Amino acid sequence: MAAAGNPRPTGEIRQQKLDPLSVRLERLGLVRDWDYALHLPLRYEDETRLTPIGSLQPGVTAQFAGKVSRSQFIQTGRGQQFCAEVSDGSGTISLRFIHYYPSVQKQLCEGAQIRVYGEPRTGYYGSLEIVHPRFKTGRAAEETLPQALTPVYPAGEGIQQRWLRKRIARALMDLDIRDLLPRDFCDSLGLPGLRAAIEYLHNPPSGADTEGLQNRTAPAWRRLIFDELLAQQITLRRTRLLNSEKRAPRLAPSSPGTAERFLESLPFSLTRAQLRVAAETAEDLARERPMHRLIQGDVGSGKTVVAALSALRAVDAGFQAAVMAPTEILAEQHYRKFRDWLTPLGIQVVWLTGRLKAKEKSAALEEISSGRAQIAVGTHALIQEGVSFKSLGLAVVDEQHRFGVAQRLALRSPGASGLVPHLLMLSATPIPRTLAMSYLADLDVSVIDELPPGRTPVITKLVRLDRRADVLGVVRATAAEGRQIYWVCPLIEESDKLDLTPAVRCREDLAAALPELSVGLVHGAMAPAEKEAVMADFSAGSTQLLVSTTVIEVGVDVPNASLMVIEHAERFGLAQLHQLRGRVGRGAAKSACILLYDAELSDAGKERLKVIRESTDGFEIARRDLELRGPGEFLGERQSGMPFLRFADLGRDEALLAAAGRFAAEWLRTDEKSALAHAARWFEPQTDFLTA
Ligand code: ADP
Ligand code: MG
């Protein structure tokens, strides 16, 4: 038995230290037998047939057998390569190895019988060749051909396909793969039985519908995809059911309450969309069942006012409200807004973040636990140990996608009264319908689908980086009109935490080029107090140009800022660009967003920037974003709290999703035990905390 492993550079085969196997398997989600049974192939290889060498086609992966007719080393510009020619009477093909273990030469000696699997291509001299094929020699090359297609599984480093195949076969033998779904229900959807489907996918018979296997539309795939969606729907709907069994304080409107006085005190009236969502929320709050509602609204749609109104409902009913924001800057901004809006109405607002001095912090904690503070605004410091509300009635989580599920749930622990607070989440990342139907099935969703009147739409321009100098002229002109400017530095690393040098350099460049302007800098790694001071200067208008990393992406609200420049815009995601652009166009002034892009832009990058230029509608952008990136990246595992769908594709499988949602609801009602057993097969290890 001799098979070449992954090609590795000769002489350079480094022994890397790997984590123990069990750790690597766990990373793939492989712990229980069920995990192995549901570890389905990425694709298949057809080793059930041999193709005559004379019939091989470039670009078509195939298996063939023959004898090595010649083998030799060739000296090339890039080093020594090893080449073997294989013939079977119908033709000849060469196998080329750029990197190889020394043993390859021995295995491929002239006259050796060989069986090869790989994708031929047309070589230098017009003849066919395969680079680094997988091959067997000796007795392995003579074994009878397998009956089934060979599955190729997702695998991590140092986990071999052969090992996985065996381990999965064992799991399939040991498991009780009883079909929990009613037979006639499956028949009605044209879905096969569970064991048959699983076995088919792991070992498709020769002659199986390869296309249906590949694009996952074969009945066996549809069954597994349905089961996956069903498990997700059951888990989320059960969370919702358990939630509805808890008790929350009724926050019925009292009249005339502070909420009404607050509305009267505002310099504007609410939009119809705001009024509608505020009414939906008020209805929830007046119930004993805890609210679990997400308000989606594009940037600038005015979610904060709606949140403040809800907080006042809590206050009017004699309870406290907490408002949690993902960053210090945002929490601070909310605090000021709430304080300015509500202290004139006699409401006590406190503020709590991790960076408060010990004395300030203990004072704030005291206010919160004594109940003197009616509204507490802060960062995740609000959910840390030592914070205990006297009577929390409502928790608001702003930019909820920035928090994990666990953090959101931490705000929900029952108080001394045994009552859990209502939960209101705000998000400016619009979530397309199919995604909401699947990942957010445990929430009620309200949409603020209207912007306050009097906003002039932001004009978006794409400008090549080599015309940066022209953009500086626009910056000057904007500042001359008394307006302010954001300048967002390019992302260098995935995270903007570590790499502050580009931001610092960017600021120096701009300050030198625009000596007449006062230029500020804010980035993620700055000390909170420093950050706050910079933001305060910008808010007050004493800084004209604010250079920043993406820390200003969420929620920052400075209406006098009317120009946003984003350098290397192609490196940002669509949602991010939309959020950043949303920082301008908040006042009456005509606003613009300039996206500076690298001339060497990839097609995907061009596509993205085009979407942003052509649309200012967050929902449309989100839909395109989902298309371009897929749900995994779009949503972020932390937000969904649910493991990602591994097999379902919400675009392709929308009908199955709808059916799964309906059946999950019915099944939980009629046979909860089976429904939960089904969900456990898929998700058990991961979702404990969802139902905790
Ligand atoms: P977001 O939904 O992005 O969080 P904000 O709540 O920060 O938006 O609101 C954006 C700006 O619009 C704020 O300055 C806010 O005071 C203002 N605003 C909110 N609602 C209205 C309205 N109905 N009419 C006019 N301005 C409003
Ligand atoms: Mg906001």
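Residues numbered from 1 in each chain as written. Chains lettered and ligands numbered in written order. Predicted model: local features only at pLDDT ≥ 70, side-chain atom pairs only at ≥ 80, totals over all residues. Heavy atoms only, no water.

Caption draft 1: Up close: helix α12 (residues 328–342). The first and last C-alpha atoms of α12 sit 20 Å apart over 15 residues, in line with the 21 Å expected at 1.5 Å per residue. Counting buried residues in α12 gives eleven out of 15 residues, a clear majority hidden from the surface. Turning to α12, its buried residues number three or more, namely E328, I329, L330, A331, E332, Q333, H334, Y335, F338, W341 and L342. Measuring from the backbone nitrogen of L330 back to the side-chain oxygen at the start of α12 gives 3.1 Å, which picks out T327 as the cap. (Helix = DSSP H or I, 4+ residues; strand = E, 2+ residues; numbered from the N terminus. Expected span 1.5 Å × (residues − 1). Buried < 20%, exposed > 50% of the residue type's maximum accessible area, 1.4 Å probe, protein only. Polar contact = N/O pair within 3.5 Å; in protein donor to acceptor, adjacent residues only side chain to side chain.)

Caption draft 2: Just the nonpolar core, in detail. Counting 121 residues, the largest nonpolar core has F226, F262, L342 and I375 as its most contacted members. Inspection of this core shows a minimum of three residues originating in each of domain 1 (3–164) and domain 2 (258–448). Not counting residues within four places of it along the chain, the set of residues in contact with F226 comprises L181, F185, L189, L191, L656, A659, A660 and F663. Grouped together as the second largest cluster of nonpolar side chains are 29 residues, Y486, M526, M535 and L580 included. (Core = buried A, V, L, I, M, F, W, Y, C linked by side-chain atoms within 4.5 Å. Domains from an automatic or database assignment. Contact = heavy atoms within 4.5 Å.)

Caption draft 3: Looking closely at unusual backbone geometry. Positive phi values are uncommon outside glycine, yet H132 reaches one of about 50 degrees. Inspection of the secondary structure assignment puts H132 in the loop between β8 (128–131) and β9 (134–137). For H132, a relative accessible area of 24% translates into the label partly exposed. Backbone geometry places R216, a non-glycine residue, at a positive phi of 60 degrees. Along the chain, R216 turns up in the loop between α7 (210–214) and α8 (219–245). The class for R216 is buried, based on a relative accessible area of 15%.

Caption draft 4: Summary view of the site of ligand 1. In the vicinity of ligand 1, 18 residues are found, and the nearest of them are Q274, G300, K303, T304 and R455. K303 has a polar side-chain atom sitting 2.7 Å from an oxygen atom of ligand 1. Protein burial of ligand 1: of its 560 Å² of free accessible surface, 88% is covered by the chains. For the shell around ligand 1, the element with the most residues is helix α11 (residues 303–316), which contributes three residues. Of the residues belonging to the shell around ligand 1, the class tally is five nonpolar, seven polar and six charged. (Near = heavy atom within 4 Å. Areas by Shrake-Rupley, 256 points an atom, 1.4 Å probe, with all protein chains shown as cover. Nonpolar A, V, L, I, M, F, W, Y, C, P; charged D, E, K, R; others polar.)

Caption draft 5: The pairing of strand β5 (residues 92–97), seen in detail. Of all six residues in β5, five are buried, a share of seventy percent or more. Bridging between strand β4 (residues 79–87) and β5 involves six bridges; their strand directions are antiparallel. Its bridge partner being in β5, A84 is matched across the sheet by L95. Linking two consecutive strands that pair antiparallel, namely β4 and β5, is a turn of four residues; a positive phi of about 95 degrees is found at G89 within it. Taken together, the three bridges between β5 and β8 define a ladder with parallel strand orientation. Residue pairing in the sheet places R96 in a bridge with V131 of β8. (Pairing = 2+ DSSP bridges.)

Caption draft 6: Main features of the packing of aromatic side chains. Counting across every chain of the model gives 15 aromatic pairs. Taking the centre distance of 4.0 Å and the plane angle of 20 degrees together, the rings of F185 and F663 count as stacked. Of this pair, F185 sits in helix α5 (residues 183–189) while F663 sits in helix α24 (residues 654–670); the two residues are 478 residues apart in sequence, bridging distant segments of the chain. Residue F185 is classed as buried on the basis of its relative accessible area, which comes to 19%. The positively charged end of R167 is found above the aromatic ring belonging to Y36, 4.1 Å away from the centroid. Against the face of W221 rests R216, its NZ or CZ located 4.4 Å from the ring centre. (Phe/Tyr/Trp six-rings, centres within 6.5 Å; stacked < 30°, edge-to-face > 60°. Lys NZ or Arg CZ within 6 Å of the ring centre and 35° of its normal.)

Caption draft 7: Geometry of the pairing of strand β3 (residues 62–76). Note: β3 against strand β6 (residues 113–118), six bridges, orientation antiparallel. Directly across from F64, in β6, lies its bridge partner V116. For β3 and β4, the ladder comprises nine bridges, and the chain directions are antiparallel. Residue pairing for β4: F73 is matched across the bridge by F82. The turn linking β3 back onto β4 is made up of two residues.

Caption draft 8: Focus on the side chain of E47. Here E47 shows up in the loop between β2 (43–45) and β3. A distance of 2.7 Å separates the side chain of E47 from the side chain of R134, its partner in a polar contact. When neighbours within four sequence positions are excluded, E47 is seen to be in contact with Q63, Y117, R134, L145, P146 and T150.

Caption draft 9: Representation of the side chain of Q63 within the structure. Of note, Q63 is situated in strand β3. By relative accessible area, Q63 is classed as buried at 4%. Here E47 takes part through its backbone oxygen, which lies 3.0 Å from a polar atom of the side chain of Q63. Among the polar contacts listed, one links the side chain of Q63 to the backbone oxygen of R49, at a separation of 3.0 Å. Residue contacts for Q63: discarding those within four places in its chain leaves D46, E47, T48, R49, L50, T51, R115, V116, Y117 and L145.

Caption draft 10: The packing of α8 against helix α25 (residues 672–683), seen in detail. Across the interface, α8 lies against α25 with an axial gap of 8 Å and an inter-helix angle of 115 degrees. Classified by the angle between their axes, α8 and α25 sit roughly perpendicular to one another. As α8 runs across α25, the sense of the crossing is left-handed. Contacts from L224, D227, E228, L230, A231, Q232, I234, T235 and R238 in α8 reach E672, A675, L676, H678, A679, W682 and F683 in α25. (Axes fitted to C-alpha atoms, helices over the stretch in contact; angles between N-to-C directions. Parallel < 35°, antiparallel > 145°, perpendicular 65-115°, else oblique. Left-handed = near helix turned anticlockwise from the far one by under 90°.)

Any link to function would need more than the numbers given here.
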